[in-house]
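For reference, the chains in residue letters:
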Amino acid sequence: QVQLVESGGGSVQAGGSLRLSCTASGTTYRSYMGWFRQAPGKEREGVASIYTGAGHTYYADSVKGRFTISQDNAKNTVYLQMNSLKPEDTALYYCAARGGIGVSFTPLLRETYNYWGQGTQVTVSS
């Protein structure tokens, strides 16, 4: 019902910037869209999320002030602008969506989301 495709990953030097894109297709309304990341040997963690209806945004403490999530409804696309990148930001980044209209969810919790993209690699070198 929902397909998600990420793009924009790559390798950058510390202090650099990247913008990730996630384009959604399908017929199901997406109430929440989020970005998660997973480094080798670590659990997948929430980075940023947006409540699509009102545009409310949520961020992990580790990225506040550096990352910005936004949406372009006309293009069915969610972005993650990443500035001032650090080596510890290195991970596989996943786009996620919650399909359908429902009750309030915890924005950065994995269990909130029921659709996932394939991931895009971000590598930050020192």
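Details of the structure are given in the entry above.
Chemist: Looking at this model, I keep getting lost on the overall build of the chain. Mind explaining?
Modeler: When helices and strands are tallied, the chain shows 0 helices and 11 strands. Over its C-alpha atoms the chain spans a radius of gyration of 14 Å, differing by no more than 12% from the 14 Å that the globule rule assigns to 126 residues. With respect to the three principal axes, the spread of C-alpha positions in the chain is 40 × 25 × 25 Å. Within the chain, buried positions represent 42% of all 126 residues. A separation threshold of at least 6 residues defines the contact pool for the chain, and within that pool the share at least 24 residues apart is 59%.

Chemist: In this structure, what is going on with the pattern of salt bridges? I would like to understand it.
Modeler: A pair can form between side chains of opposite charge whenever their charged atoms are brought close. What the rule picks out here adds up to 5 salt bridges. The salt bridge partner of arginine 37 is aspartate 89, with a shortest N-O separation of 2.9 Å. Within this pair, whereas arginine 37 is found in strand β4 (residues 30–38), its partner aspartate 89 is found in the loop between β8 (77–82) and β9 (91–99), the two being separated by 52 residues in sequence. Here glutamate 43 ties to arginine 110 by a salt bridge, and the two come within 2.7 Å at their closest N and O atoms. Here arginine 110 lies in the loop between β9 and β10 (115–116) and glutamate 43 lies in the loop between β4 and β5 (45–51), a separation of 67 residues in the sequence.

Chemist: Would you take a moment to explain the nonpolar core for this structure?
Modeler: For soluble globular proteins, nonpolar side chains are generally found buried alongside one another. Core analysis: the biggest nonpolar cluster contains 28 residues, and Leu4, Trp35, Leu80, Met82 and Tyr93 have the highest contact counts within it. Mapped by element, the contributors of at least two residues to this core are β1 (2–7), β3 (18–26), β4, β5, β7 (67–72), β8, β9 and β11 (120–125). Those residues within four positions of leucine 4 in sequence are excluded, and the remaining contacts are Cys22, Thr23, Ala24, Met33, Cys95, Ala96, Ala97, Tyr115, Trp116, Gly117 and Gln118.

Thresholds applied
- Residues numbered from 1 in each chain as written.
- Predicted model: local features only at pLDDT ≥ 70, side-chain atom pairs only at ≥ 80, totals over all residues.
- Heavy atoms only, no water.
- Helix = DSSP H or I, 4+ residues; strand = E, 2+ residues; numbered from the N terminus.
- Rg over C-alpha atoms; globule rule 2.2 N^0.38 Å.
- Buried < 20%, exposed > 50% of the residue type's maximum accessible area, 1.4 Å probe, protein only.
- Contact = heavy atoms within 4.5 Å.
- Salt bridge = Lys/Arg side-chain N within 4 Å of Asp/Glu carboxyl O.
- Core = buried A, V, L, I, M, F, W, Y, C linked by side-chain atoms within 4.5 Å.

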